[in-house]
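Geometric and topological summary
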Amino acid sequence: MNSCFIILAGGESKRFNSNTPKPYHLYKSKPLLLHSLDKVKDYGKFNKIILVINKKHKLYVSKLKIKGIKIVIGGKTRAESAYKALESIKNYNIKDVLIHDAARPNFSLKLLDKLYKELKLN
C-alpha cells in the first residue's frame, strides 16, 4: 500500500508565548512533535512520512537527529505547507495521505488505525 503521513510543524508559534517553538517544546520529556512521529513510526503502515517545518527552525530539527523521514520546508500558511508536502510526494505513486498537526500529539494508535482503515475503505 502506498500511503503517506504528513506532520505539519511549520507554524510560527506566535500565540505559544515561548522562546522555543511549540513543536520542539518538551512535553513528557521529549519534543512535542516526536510524540506524533514516534506513534506513526510505531504504527508502521505508512510508506512515507513527511515532516513539514518552518525554515527558521532547521536548527531545532537537526538537534533531534530524526531518521527515515522526509523533511520539507513549509510555506507562509498551513495550506501552503500542506501543498508543499503533497508536491514533494507526487512522483511516489502515493494513494492515501493523512495530514496531522504536530501541536496535537495525544492521538491514540487506536484512532490512527480507525482513520487508516476508513481511508482505505473510502
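For the structure given in this document, a descriptive report is provided here. (Residues numbered from 1 in each chain as written. Predicted model: local features only at pLDDT ≥ 70, side-chain atom pairs only at ≥ 80, totals over all residues. Heavy atoms only, no water.)

Read from one edge to the other, the open sheet built from four strands follows the order β5-β4-β1-β6, with strand pairing classed as parallel. Looking at the sheet topology across the chains shown, the edges are occupied by β5 (70-73) and β6 (96-101). Strand-to-strand, the axes of this sheet are offset by a mean angle of 25°, without reference to chain direction. Taken strand by strand, helix α4 (residues 109-121) contacts β1 (3-9) and β6, and its axis lies near 145° from that of β6. (Pairing = 2+ DSSP bridges. Helix = DSSP H or I, 4+ residues; strand = E, 2+ residues; numbered from the N terminus. Axes fitted to C-alpha atoms, helices over the stretch in contact; angles between N-to-C directions. Contact = heavy atoms within 4.5 Å.)

With that settled, consider unusual backbone geometry. Residue lysine 28 is not a glycine yet carries a positive backbone phi of 50°. In this structure, lysine 28 sits in the loop between β2 (26-27) and β3 (30-31). Residue lysine 28 is classed as exposed on the basis of its relative accessible area, which comes to 63%. (Buried < 20%, exposed > 50% of the residue type's maximum accessible area, 1.4 Å probe, protein only.)

It is worth spelling out the pairing of β5 at this point. Where strand β4 (residues 48-53) and β5 come together, four bridges link them in parallel fashion. Across the sheet, residue leucine 51 finds its bridge partner in β5, namely isoleucine 71. For the segment spanning β4, helix α2 (residues 58-64) and β5, crossover handedness is right-handed. (Right-handed = clockwise from strand over helix to strand, strands pointing away.)

This part takes up the packing of helix α1 (residues 32-43) against α4. It is at 11 Å that the axes of α1 and α4 come closest, and there the two elements cross at 60°. What the angle tells us is that α1 and α4 run oblique. In terms of crossing hand, the pair formed by α1 and α4 is right-handed. Contacts between α1 and α4 involve Lys39, Val40 and Tyr43 on the former and, on the latter, Leu109, Leu112, Asp113 and Tyr116. Residues belonging to the contact of α1 with α4 are distributed by class as follows: five nonpolar, no polar and two charged. (Parallel < 35°, antiparallel > 145°, perpendicular 65-115°, else oblique. Left-handed = near helix turned anticlockwise from the far one by under 90°. Nonpolar A, V, L, I, M, F, W, Y, C, P; charged D, E, K, R; others polar.)

If you look at the biggest cluster of nonpolar residues, it comprises 21 residues, and the most contacted ones within it are Phe5, Leu33, Leu37, Phe46, Leu51, Ile66 and Leu112. Where this core is concerned, the elements lending two or more residues are β1, α1, β4 and α4. Take this core: its biggest share by element is five residues, from α1. Ignoring anything within four residues of it in the chain, the contact list for leucine 51 reads Ile7, Ala9, Leu33, Ile66, Ile69, Lys70, Ile71 and Val72. Grouped together as the second largest cluster of nonpolar side chains are nine residues, Ile6, Leu8, Ile50 and Ala85 included. (Core = buried A, V, L, I, M, F, W, Y, C linked by side-chain atoms within 4.5 Å.)

Our next topic: the pattern of salt bridges. Evaluated as defined, the whole model comprises seven salt bridges. A salt bridge links aspartate 38 to lysine 30, with the nearest nitrogen and oxygen atoms 2.5 Å apart. Aspartate 38 gets classed as partly exposed once you look at its relative accessible area, which sits at 28%. Linking aspartate 113 and lysine 45 is a salt bridge whose minimum nitrogen-to-oxygen distance equals 3.6 Å. Linking aspartate 113 in helix α4 with lysine 45 in the loop between α1 and β4, this pair joins segments that are 68 residues apart in sequence. (Salt bridge = Lys/Arg side-chain N within 4 Å of Asp/Glu carboxyl O.)

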